[in-house]
Amino acid sequence: MKGNRSAQSLPPPGPAKPPSLPQSMGWGARSAGRACRLLGLLLCLSGALQPAETLQVLMGSTPLIVSLNDNISIPCKISGYNTAELDIKNVGVTWYLKTPRADQEEKVFTFHAGAHISHRNGASMSDSDLRRGNAALSLPQIQFKEAGIYRCYVIVAPSDAHGTAILEVVAQPEVSLCPKEVTIESDKEKTLSCDVNKFYPNLVDIKWTKISKNNQDSSIATEDIHTEASVENEDGTFNVTSILRLQPSLQDNGNVYRCIVSHKTFPAKLLLNSTLTVTAPKSALNSIIGAVIGTIIACIIVLGLGTFVYCRCLKKTSPVT
């Protein structure tokens, strides 16, 4: 019984306590915890200090098309910087050109810390535009050899970026149709000439069609069309001539023959017309005139003979007074 009372008087058992760590180990664990918290804080701060934007260069996605000897401004729009204007003393811009015939890029223009270096006559950039984020390159009197891929490489310390643009140089054809009005005898032969001059690139399409006033077949025989090979001029442009042979009949009188020219520089096909007048052959006309004149002469002769015979007969039958 005493033993039972002693057992009942003992306090209830509490939760077991973890074994105590040595003092040196407890200090190391606390240091590791503080280090983890510090590392997490640094990571958060570093994320907050990263720039909100990334430097970018925008130059457009469609090729730029310029005519021979015209002036061109190739855009290069800079974005992703965190100031209202660029400090051009901290900006560098280099323009490169890669032509189809070259293996490597070549420098066209360099801007560095306010200094302008032109590697091509007349190439320029504007400081005021650059402060507003526009690093456009201006090129006067563009030539065929300057077509290719232009690269704008920009440094806004400490970041850099670049973009590219394709430049095409073209020349619109000068087209003429000769003669604009043609007169020809039936079954005789003449030609129409459609001249296409000073064009580039050397890709042009020339077609012929006939517009009949009688709504007849408008097709033209292939053997009646002869298009010569194009010839290159000294300035790099090309010339080509297409010739149409005509051998019409009188039924073709009033027909219109059309030269149709297609080229990259034309927004639509170019149409040039020539009107045809067909006359009767001179030999046939002479025969008709001769026949008419002969008929008239014959009638006169017959009429004269008839009159003469009638008068003689009249004299014989009249009484003598």
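Because the structure is predicted, anything quoted here is derived from the model rather than measured. (Residues numbered from 1 in each chain as written. Predicted model: local features only at pLDDT ≥ 70, side-chain atom pairs only at ≥ 80, totals over all residues. Heavy atoms only, no water.)

Caption draft 1: Representation of the side chain of Asp224. Of note, Asp224 is situated in the loop between strand 14 (204–211) and strand 15 (225–227). Within the structure, the side chain of Asp224 is placed 2.7 Å from the side chain of Arg245, a separation counted as a polar contact. (Helix = DSSP H or I, 4+ residues; strand = E, 2+ residues; numbered from the N terminus. Polar contact = N/O pair within 3.5 Å; in protein donor to acceptor, adjacent residues only side chain to side chain.)

Caption draft 2: Highlighting the packing of aromatic side chains. This model, assessed by the stated rule, comprises three aromatic pairs. Consider the rings of Tyr200 and Phe238, whose centres lie 6.4 Å apart with planes at 20°: the pair is stacked. Highlighted residues: Tyr200 in the loop between strand 13 (190–199) and strand 14 and Phe238 in strand 17 (residues 238–246), separated in sequence by 38 residues. Residue Phe238 is classed as buried on the basis of its relative accessible area of 12%. An aromatic cluster is defined as three or more aromatic residues linked by ring pairs; in this entry it consists of Phe144, Phe199, Tyr200 and Phe238. (Phe/Tyr/Trp six-rings, centres within 6.5 Å; stacked < 30°, edge-to-face > 60°. Buried < 20%, exposed > 50% of the residue type's maximum accessible area, 1.4 Å probe, protein only.)

Caption draft 3: A look at the pattern of salt bridges. Across all of its chains, the model carries six salt bridges by this definition. For the salt bridge of Arg120 with Glu146, the shortest nitrogen-to-oxygen distance reads 2.5 Å. Residue Arg120 is located in the loop between strand 7 (115–118) and helix 3 (127–131), and its partner Glu146 is located in the loop between strand 8 (137–139) and strand 9 (148–156); the two are separated by 26 residues in the primary sequence. As far as burial versus exposure is concerned, Arg120 and Glu146 are alike and both buried. The closest approach of N and O atoms between Lys198 and Asp235, which form a salt bridge, is 3.2 Å. With Lys198 in strand 13 and Asp235 in the loop between strand 16 (231–232) and strand 17, this residue pair connects regions lying 37 residues apart in the sequence. Take Asp235: its relative accessible area is 35%, and that puts it in the partly exposed class. (Salt bridge = Lys/Arg side-chain N within 4 Å of Asp/Glu carboxyl O.)

Caption draft 4: Up close: the sheet that holds strand 18 (residues 256–263). Taking strand neighbours across the sheet as the criterion, the four strands line up as 12-19-18-14 in an open arrangement whose pairing is mixed. The strands lining the two open edges of the sheet, one partner per strand, are strand 12 (181–185) and strand 14. Strand-to-strand twist of the sheet, defined as the mean angle between neighbouring strand axes without regard to direction, takes the value 25°. Across five bridges, strand 12 lies against strand 19 (residues 270–279) in parallel orientation. Paired with Glu185 across the bridge in strand 19 is Thr279. (Pairing = 2+ DSSP bridges. Axes fitted to C-alpha atoms, helices over the stretch in contact; angles between N-to-C directions.)

These figures capture arrangement, not role.
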